[in-house]
Amino acid sequence: MKEIRVRFAPSPTGYLHIGGARTALFNWYFARQNKGKFVLRIEDTDTERLKEDSVSQILTSMKWLGMDWDEGPEVGGEYGPYYQSQRMELYKKEALRLVQEGKAYYCFCTAEELQAERDQQKKTGKNFRYSGKCSSISLEEAQKRLAQGEKAVIRFRLPRKGEVKVKDLIRKQVSFSLDQLDDFIIMKSNGMPAYNFACVVDDNAMAISHVIRAEEHLSNTPKQVLLYEALGYNLPEFAHLSMILAPDRSKLSKRHGATSVEEFREQGYLASALVNYLTLLGWSPGGDQELVSVEETIQNFELTKVSKNAAIYDTKKLTWMNGQYLTSENIREIVDQTLPFMVERGVITGQQATDDYGEITKIIDAVRERVKTLVEIVDASEYFFKEITSYQEKGVRKYFSKPGVDELLEKGRKALTEVEDFTVEETENAYRRLIDELEIKGGAIIHPTRLALTGRTVSPGLFDIMALLGKERCLKRLNQAIEYIK
RNA sequence: GGCCCUAUGGUCAAGUGGUCUAAGACGCCGCCCUCUCACGGCGGAAACAGGGGUUCGAGUCCCCUUAGGGCUACCA
């Protein structure tokens, strides 16, 4: 059987977009499931739109999501180089071959001329298609003009009439009528290959067996199929993934909030949750399972079951998933990922992160069950690291303004003073005894105490907090609250 | 405008001619658990875009309309 080889071919014009991430992910699943190769190719032929750090950003995001590639930047491979800008010889060679065979020709039309032609056709209500003005220029003449320094592009000569049928694994067969197409450009005047051409040449040269990419490329596929034919290449299998849309059904853009993997990371989302979410956006294991591991997906993934309709991403569900992973994942993993956020936000210092690792782990473990993101962990555990400087207003109104709370807290403080072994159990015992003695409801003292210890009305179990805070700090904060109330 | 793709609740989706008076999840609402919040449990509101066919029978097949998206660049 032929080896399965798939590729993800981002263009380095910015961060890794979640749509791109999902495309990469599906390619990766497919490769891993079939024990094939996942190759990464950088399509950097648009010199205008190149962004400096883009490649490393994309690689970083992919790694963070847990993907690895068998060939591509950083790892190399026998089909390299993996940057299109370094494969110019090949494109040139293949383009020239087409020119020699009469399947392509030089075109000397300028951008202005083309624009004029376009406007003209628009006026008469026609679709724009290149007139083919230069198609009759003989190769000799073209070469002469080239030698004189004239700029030219190379256009593909549409070989036939009729239609092109594209076989797509997700959409079955799609037909395109050839009279929609014109003699499109395969080599730009700056010597760079145009997308459709470079893509075909590379997919062939890299022995790609399955082209799995976004739906926006479906309409380009007939051109590519024609190119495969003209170049004498074997056709790969195609699979076009539907797009991911913004909540208003428009194309995802910056104004829709986070759209890049990096942004989600910065907002405190876990890679596992994002991967899970993206996986289910367009693919379903079939049943009612929502939490799927990467291993399971590799096992069960089926291209033919990828949904055909565009999906709108919903951060609410992502957030829910994140909460799920936050509590179920190994605590060490969570701690290691939370630490940078804590340091960055000044809750702890880098030194503390290593010195108090054990202590911090306990705190995060206590807090993680009730928050949804890593950023929220930081916020929810702040009072373990910093002194209380204010009390939530709502809490003050509800608990601190009741007559006699200060005395109540004082009694609580006393009870705690006598606790030797400051554990969850012992502190709770002390408080329960007091509650019985005073014949009050637990909440009557628990709530104000929580506010005193944390400054907030929401927290983990009170006695967990006491144990974590330790006797000294508890007593001090109780005193501080009593003073505040007075 | 032309061509192409798509169309099940607000969102993701199961469903591949009869078992659909349509699953599950997120979100929303109510209740329970409870020291708060979260988790968890229970319950609820909420969908086959519209119209024609085909068929004994259609969410499932075909056509049209509508809507959304994509392509239509010397962007990828």
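Provided above is the structure to which this section pertains.
Calculation notes
- Per-chain numbering applies: the sequence of each chain, read as written, is numbered from 1 onward.
- Here chains are named by letter from A upward and ligands by number from 1 upward, in the order in which they appear as written.
- Totals for whole chains, interfaces and linings use every residue, but because this is a predicted model, local features are given only for residues with pLDDT of at least 70 and side-chain atom pairs only at 80 or more, for both listing and counting.
- Note that the side-chain values use all heavy atoms of the structure and ignore hydrogens as well as water.
- Each patch is built from salt-bridge-free residues with over 30% relative accessible area, joining like charges within 9 Å and nonpolar side chains (Val, Leu, Ile, Met, Phe, Trp, Tyr) within 5 Å.
- Only the protein chains shown count as cover for residues, with accessible areas throughout obtained via the Shrake-Rupley method and a probe of 1.4 Å.
- Salt bridge, as applied in this entry: a Lys or Arg side-chain nitrogen positioned within 4 Å of an Asp or Glu carboxyl oxygen.
- Under this rule, positive means Lys or Arg and negative means Asp or Glu; His and the chain ends count for nothing.
- Just so you know, the charge point we use is NZ for Lys, CZ for Arg, CG for Asp and CD for Glu.
- The helix count covers DSSP runs of H or I at least four residues long, the strand count covers runs of E at least two residues long, and both are numbered beginning at the N terminus.
- Each residue is assigned to one of three classes by its accessible area relative to the maximum for its type, calculated with a 1.4 Å probe on protein chains only: buried under 20%, partly exposed between the two thresholds, exposed over 50%.
- In this analysis, strands are considered paired if DSSP registers two or more bridges between them.
- Throughout this document, a residue counts as near a molecule or strand when at least one of its heavy atoms sits within 4 Å of that molecule or strand.
- Any pair of N or O atoms that falls within 3.5 Å is considered a polar contact. Within protein, one atom must be able to donate a hydrogen and the other to accept it, and sequence-neighbouring residues count only if both atoms are side-chain atoms.
- Note that Gly is not counted as nonpolar here; it falls among the polar residues with everything else outside the nonpolar set of Ala, Val, Leu, Ile, Met, Phe, Trp, Tyr, Cys and Pro and the charged set of Asp, Glu, Lys and Arg.
- Only the stretch in contact is used when fitting a helix axis, every axis being a line fitted to C-alpha atoms; angles between N-to-C directions are given from 0 to 180 degrees.
- Small angles under 35 degrees read as roughly parallel and large ones over 145 as roughly antiparallel, with 65 to 115 read as roughly perpendicular and the rest as oblique.
- Note on convention: near helix rotated counterclockwise from far helix by under a right angle means a left-handed crossing. Clockwise means right-handed.
- Contact definition: two residues touch when any of their heavy atoms are within 4.5 Å.
- Centre distance within 6.5 Å is the pairing criterion for rings of Phe, Tyr and Trp, where only the six-membered ring of Trp is used; planes under 30 degrees apart are then read as stacked, over 60 as edge-to-face, and the remainder as tilted.
- Here, a charge over a ring means that NZ of Lys or CZ of Arg falls within 6 Å of the ring centre while also lying within 35 degrees of the ring normal.
- Residues enter a nonpolar core if they are buried and are Ala, Val, Leu, Ile, Met, Phe, Trp, Tyr or Cys, with the set joined through side-chain atoms within 4.5 Å.
- Cysteine sulfur atoms that come within 2.5 Å of each other are treated as a disulfide pair.

Asks: Describe a negative patch on the surface, naming the residues involved and giving the relevant values.
Replies: Among the surface-exposed residues, Glu 420, Asp 421, Glu 425 and Glu 426 lie close enough to one another that they form a single negatively charged patch. With respect to the secondary-structure elements, Glu 420 resides in the loop between helix 18 (405–417) and helix 19 (424–438). Classification of Glu 420 as exposed rests on a relative accessible area of 76%.

Asks: Which residues make up the pairing of strand 6 (residues 172–177), and what are the values?
Replies: Where strand 5 (residues 163–168) lies against strand 6, six bridges are found, and the strand directions are antiparallel. For Val 164, the partnering residue across the bridge sits in strand 6 and is Phe 176. Taking the residues that link successive antiparallel strands as the turn, the strand 5-strand 6 hairpin has three residues.

Asks: Could you give an account of the protein's contact with RNA strand B, with specific residues and numbers?
Replies: For RNA strand B, the set of nearby residues contains 62 residues, the closest of which are Asn 127, Arg 171, Lys 188, Arg 370 and His 447. Sugar and phosphate atoms constitute 70% of the interface atoms of RNA strand B, taking the interface as everything within 4 Å of the protein. Residue Leu 462 places a main-chain N or O atom 3.4 Å away from a base nitrogen belonging to RNA strand B. Secondary structure elements with two or more residues in the surface near RNA strand B: strand 6, strand 11 (311–312), helix 11 (315–328) and helix 20 (442–454). With four residues, helix 11 is the single largest residue contributor to the surface near RNA strand B. Looking at the surface near RNA strand B residue by residue, the class counts come to 20 nonpolar, 21 polar and 21 charged.

Asks: Explain the packing of helix 18 against helix 19 residue by residue, including any values.
Replies: The interhelical angle for the contact between helix 18 and helix 19, taken along N-to-C directions, is 135 degrees, at an axis separation of 9 Å. Of the possible angle classes, the one that applies to helix 18 and helix 19 is oblique. At the point where helix 18 passes helix 19, the crossing takes the right-handed sense. Here Leu 408, Lys 411, Gly 412, Ala 415 and Leu 416 of helix 18 lie close against helix 19, whose contacting residues are Thr 427, Ala 430, Tyr 431, Leu 434 and Leu 438.

Asks: Please provide a residue-by-residue account of the pattern of salt bridges, values included.
Replies: Following the criterion strictly, the structure yields 33 salt bridges and no others. As a salt-bridge pair, Asp 203 and Arg 41 come within 2.9 Å of each other at their nearest N and O atoms. Placement of Asp 203 in helix 6 (residues 195–205) and of Arg 41 in the loop between strand 2 (37–40) and helix 2 (54–65) is noted, with a sequence separation of 162 residues between them. Taking relative accessible area as the criterion, Arg 41 reaches 0% and is therefore assigned buried. Each of the salt bridges in this network shares a partner with another, and the network as a whole consists of Arg 7, Arg 41, Glu 43, Arg 87, Asp 202 and Asp 203.

Asks: Mind laying out the packing of aromatic side chains, listing which residues take part and the relevant values?
Replies: Evaluation of the coordinates by the stated rule reveals 15 aromatic pairs. Through a chain of ring-to-ring contacts, the aromatic side chains of Phe 26, Trp 28, Tyr 29, Trp 283 and Phe 301 assemble into a single cluster. A cation over an aromatic ring shows up here: Arg 22 above the ring of Phe 26, its NZ or CZ 5.5 Å from the ring centre. In this arrangement the basic side chain of Lys 223 is found over the ring face of Phe 184, its NZ or CZ atom lying 5.5 Å from the centre.

Asks: Outline the nonpolar core, supporting the account with residue identities and numerical values.
Replies: Phe 38, Met 62, Phe 400 and Met 466 are the most contacted members of the largest nonpolar core, which has 103 residues in total. Of the residues forming this core, the biggest block, nine residues, is contributed by helix 1 (residues 18–33). Those residues in contact with Phe 400, other than ones at most four positions away along the chain, are Tyr 391, Gly 395, Val 405, Leu 409, Pro 448, Leu 451, Ala 452, Ala 481, Tyr 484 and Ile 485. Counting 46 residues, the second largest nonpolar core, distinct from the first, contains Ala 104, Leu 178, Leu 181 and Ile 186.

Asks: Let's hear about the environment of Ala 24: which residues, and what values?
Replies: Mapping Ala 24 onto the fold places it in helix 1. Under the relative-accessibility criterion, Ala 24 is labelled buried at 0%. Note: C-alpha distance between Ala 24 and Val 39 (15 residues apart in sequence) is 9.9 Å. The contact partners of Ala 24, leaving out residues within four places of it in the chain, are Phe 8, Phe 38, Met 62 and Met 67.

Asks: Tell me about the state of the cysteines, and name the residues and values.
Replies: All chains considered together, the criterion is met by zero disulfides. Here Cys 109 stays unpaired: no disulfide links it, and the sulfur of Cys 134, its closest cysteine neighbor, is 3.6 Å away.

Asks: Explain the sheet that holds strand 7 (residues 185–187) to me, and be specific about the residues and the numbers.
Replies: If you trace the three strands from one edge of the open sheet to the other, you get 3-4-7, paired in antiparallel fashion. Among the strands making up the open sheet, the edge pair consists of strand 3 (104–107) and strand 7. Neighbouring strand axes in the sheet, compared pairwise and without regard to direction, differ in orientation by 45 degrees on average. As paired elements, strand 4 (residues 153–156) and strand 7 share two bridges and run antiparallel to each other. The residue bridging Ile 154 from the neighbouring strand is Met 187, located in strand 7. Contacts from helix 3 (residues 88–100) reach strand 3, strand 4 and strand 7, with the element oriented near 130 degrees to strand 7.

Just geometry here; none of it tells us what the structure is for.
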